[in-house]
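As a plain string of letters, each chain reads:
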Amino acid sequence: IENDPNRAPPCDESVCQLPDCFCSEDGTTIPGSLPAKDVPMMITITFDDAINNNNIDLYKEIFNGKRKNPNGCEIKATYFVSHKYTNYSAVQETHRKGHEIAVHSITHNDEERFWSNATVDDWAKEMAGMRIIIEKYANITDNSVVGVRAPYLRVGGNNQFTMMEEQAFLYDSTITAPLSNPPLWPYTMYFRMPHRCHGNLQSCPTRSHAVWEMVMNELDRREDPTNDEYLPGCAMVDSCSNILTGDQFYNFLNHNFDRHYDQNRAPLGLYFHAAWLKNNPEFLDAFLYWIDEVLANHNDVYFVTMTQVIQWIQNPRTTNEVKNFEPWRERCVVEGHQACSVPHSCKLTSKEVPGETINLQTCVRCPNNYPWVNDPTGDGFF
């Protein structure tokens, strides 16, 4: 950032004002200058990659309709969906239940440098293209697909954020902030990031962008935070390699919850790949036990979506007021039936994915081709 003559200026709170802009010198200031004790503690659970038969049951078990926030609404999560092997009828049902659907690219290209060096157009094809696929095949028509997370958390520098502005995405959740106490609040990218660009050869944006950053605060994975030696933090829960038992995971959740709750109440992000919980029943049991315990013991903790966090930051409400905060009451408790009990199972090919026949499940009509980067609607090449 220091070498870019057009770099974003440091935070100027006299110019940067809610609801459109939020920044603070070190990133730890509470929006609306509320005292920490009056701030509802927001927890964002996210899952990355395809939604399909491998993980639908897991999601149903966590979000079973019985776990409710203090305002009486069901707890919610955010899903960053990648395209291949995704069951779009399940995405449609997840959205109907009030969870947030965001994009995680079409190809999930596994070459890390691809994302670091991708052009604005590459980013648009991958992310705006993914939104087209989701909106069409999961039949999502409310313009709610507004979030982006890059595969492998590889930030795409100014190109990624320029694309997000051009394509009217609201927020990114790819940038990791190094473990810090107190943790950081999300911020807008009009001004320079309040922390260093963290990660292995990451390419962070240096310029000013009209995009929110749902910054990924690293979690503290020390067994005994009071006297263990320093360990680097981890952003995705499943990358915290020293969690080996359910008890350790439970203690880890409590310790990180306290770090946020007892300090500045910055939102606590718990970022997963479904397989980590699914393949370790002990971790899942600990996680569900912990969620139930937190909800039972606190009347000021809410499991909300990324967009709901931004809605709160734009319009800060105290714990007492937030029970009636409209944006958090949307699809509060969802009844009714899913859009289709038996989705179309479309066996499709695409010139862009040669030699493969891929199954696309959707409640809408099957397309001619498997949707891909240059043909997101699946109508055929133009």
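Residues numbered from 1 in each chain as written. Predicted model: local features only at pLDDT ≥ 70, side-chain atom pairs only at ≥ 80, totals over all residues. Heavy atoms only, no water.

As annotated in an unreviewed UniProt entry, the protein is NodB homology domain-containing protein from Anopheles christyi.

**What to know about the overall build of the protein**
Heads up, the rule is: Segments assigned H or I by DSSP are reported as helices when at least four residues long, segments assigned E as strands when at least two residues long, and all are numbered from the N terminus. This radius of gyration counts C-alpha atoms alone. The globule rule is 2.2 Å times how many residues there are, raised to the power 0.38. The buried label applies to any residue whose accessible area, calculated with a 1.4 Å probe on protein chains only, is under 20% of its type's maximum; exposed applies above 50%, and partly exposed to all values in between.
A count of helices and strands for the protein gives ten helices and 13 strands. In terms of overall size, the protein behaves like a compact globule, its C-alpha atoms giving a radius of gyration of 20 Å where 382 residues would be expected to give roughly 21 Å. For the protein, the spread of C-alpha atoms along the three principal axes comes to 55 × 55 × 40 Å. Every one of the 382 residues in the protein was classed for burial, and the buried ones make up 57%.

**Here we look at the state of the cysteines**
Working definition of a disulfide: a covalent bond connecting the sulfur atoms of two cysteines. The line we're drawing: Two cysteine sulfurs form what is called a disulfide whenever their separation falls within 2.5 Å.
Scanning all chains against the criterion turns up seven disulfides. Sulfur-sulfur distance for the disulfide between C16 and C21 comes to 1.9 Å. Its torsion about the S-S bond being -100°, the disulfide of C16 and C21 is classed as left-handed. Judged by relative accessible area, C16 falls into the buried class, the value being 6%. With a sulfur-sulfur separation of 1.9 Å, C340 is cross-linked through a disulfide to C363. Disulfide C340 to C363: torsion about the S-S bond roughly -75°, handedness left-handed.

**With respect to the confidence of the model for the protein**
The condition is simple: One confidence number per residue, pLDDT, is output by the predictor and ranges from 0 to 100.
The predicted model of the protein has a mean per-residue pLDDT of 96, with 99% of residues at 70 or higher. Looking over the protein, one finds the lowest element-wise mean pLDDT in helix α3 (residues 112-117), namely 95, and the highest in strand β2 (residues 77-81), namely 99.

**So, the side chain of R259**
For clarity, the threshold we go by: Charge counting follows a simple rule: Lys and Arg are positive, Asp and Glu are negative, and His as well as the terminal groups are ignored. Any Lys or Arg side-chain nitrogen found within 4 Å of a carboxyl oxygen on Asp or Glu counts as a salt bridge. For this analysis, a polar contact is any N or O atom pair within 3.5 Å, provided that within protein one partner can donate a hydrogen and the other can accept it, and provided that sequence-adjacent residues contribute only side-chain to side-chain pairs. Every residue pair with non-hydrogen atoms within 4.5 Å of one another is taken to be in contact.
Tracing the chain through its elements places R259 in helix α6 (residues 246-261). In this structure R259 is buried but unpaired, with D220 as the nearest side chain of opposite charge at 4.9 Å. Here the side chain of R259 touches N181 through a polar contact of 2.8 Å, side chain to side chain. Setting aside its immediate chain neighbours within four residues, R259 contacts L179, S180, N181, P183, E218, L219 and D220.

**With respect to the UniProt feature "domain: NodB homology" (unreviewed entry) in the protein**
Here is the rule we go by: UniProt positions are given in the numbering used here, feature names are shortened, and annotations may be inferred rather than shown by experiment.
In the numbering used here, UniProt assigns the feature "domain: NodB homology" (unreviewed entry) to residues 42-154. This span, residues 42-154, is 35% helix and 16% strand, and a straight line between its end C-alpha atoms measures 25 Å.

**A word on the pattern of salt bridges**
Any two side chains of opposite charge can pair, on the condition that their charged atoms come close. All told, the structure shown has 14 salt bridges when counted by the stated rule. Among the ionic pairs, R96 bridges to E93, the shortest N-O distance being 2.9 Å. With R96 and E93 both in helix α2 (residues 88-96) and three residues apart, the pair spans about one turn of that helix. Classification of R96 as partly exposed rests on a relative accessible area of 22%. For R331, the salt bridge identified is with D142, shortest N-O distance 3.3 Å. Here the residue R331 occupies a position in the loop between α10 (319-322) and β12 (344-350), and D142 occupies one in the loop between α4 (120-137) and β4 (147-148), the gap between them amounting to 189 residues. For R331, a relative accessible area of 33% translates into the label partly exposed.

**So, the packing of aromatic side chains**
In plain terms, the rule: Only centres within 6.5 Å qualify two rings of Phe, Tyr or Trp (six-membered ring in Trp) as a pair; their planes then separate them into stacked at under 30 degrees, edge-to-face at over 60, and tilted for everything else. Cation placement over rings: the criterion is NZ of Lys or CZ of Arg within 6 Å of the ring centroid and within 35° of the ring normal.
Evaluated as defined, the whole model comprises 24 aromatic pairs. Looking at R131, its charged tip hangs above the ring of F169, at a distance of 4.0 Å from the centre.

**Side note on helix α8 (residues 281-297)**
Here is the rule we go by: Residue count minus one, scaled by 1.5 Å, sets the expected span of a helix.
With 17 residues, α8 should reach 24 Å at 1.5 Å per residue; the first-to-last C-alpha distance of 24 Å fits that figure. All buried positions along α8 are accounted for by F283, L284, A286, F287, L288, W290, I291, V294 and L295. Buried residues along α8 sit in contact with β1 (41-48), α1 (56-62), α6, β10 (268-273), α7 (274-278) and β11 (301-303).

**Remarks on the side chain of T28**
Inspection of the secondary structure assignment puts T28 in the segment before β1. A polar side-chain atom of T28 sits 2.9 Å from a polar atom in the side chain of D26. If we skip the residues at most four places from it in the chain, T28 touches P182, P183, L184, W185 and N264.

**Considering the environment of K136**
One can find K136 in helix α4. Residue classification places K136 among the partly exposed residues on the basis of a relative accessible area of 34%. Each C-alpha atom, one on K136 and one on Y88, is 9.2 Å from the other, the two residues being 48 residues apart in sequence. With near-sequence residues (within four places) excluded, K136 lies in contact with V364, T377 and D379. Within polar-contact distance, the side chain of K136 engages the backbone oxygen of T377 at 3.4 Å.

**Thoughts on the pairing of β12**
Along any regular strand the residues' side chains alternate between the sheet's two faces. Formally: For two strands to be treated as a pair, DSSP must find no fewer than two bridges joining them.
Two elements, β12 and strand β13 (residues 353-362), share six bridges in a ladder whose sense is antiparallel. Residue pairing for β13: C346 is matched across the bridge by L360. Between β12 and β13, which pair antiparallel in sequence order, lie two residues.

**Observations regarding the nonpolar core**
Selection rule: Each nonpolar core is a collection of buried residues, namely Ala, Val, Leu, Ile, Met, Phe, Trp, Tyr and Cys, held together in the definition by side-chain atoms within 4.5 Å.
Formed by 85 residues in total, the largest nonpolar core has its most connected members in I134, F249, L277, F287 and W290. Looking at which element gives the most residues to this core, the answer is α8, with nine residues. Once you skip the residues sitting within four places of it in the chain, F287 turns out to touch I45, I62, F249, L253, L270, F272 and L277. Listed in part, the 28 residues of the second largest apolar core include I30, M42, Y302 and I313.

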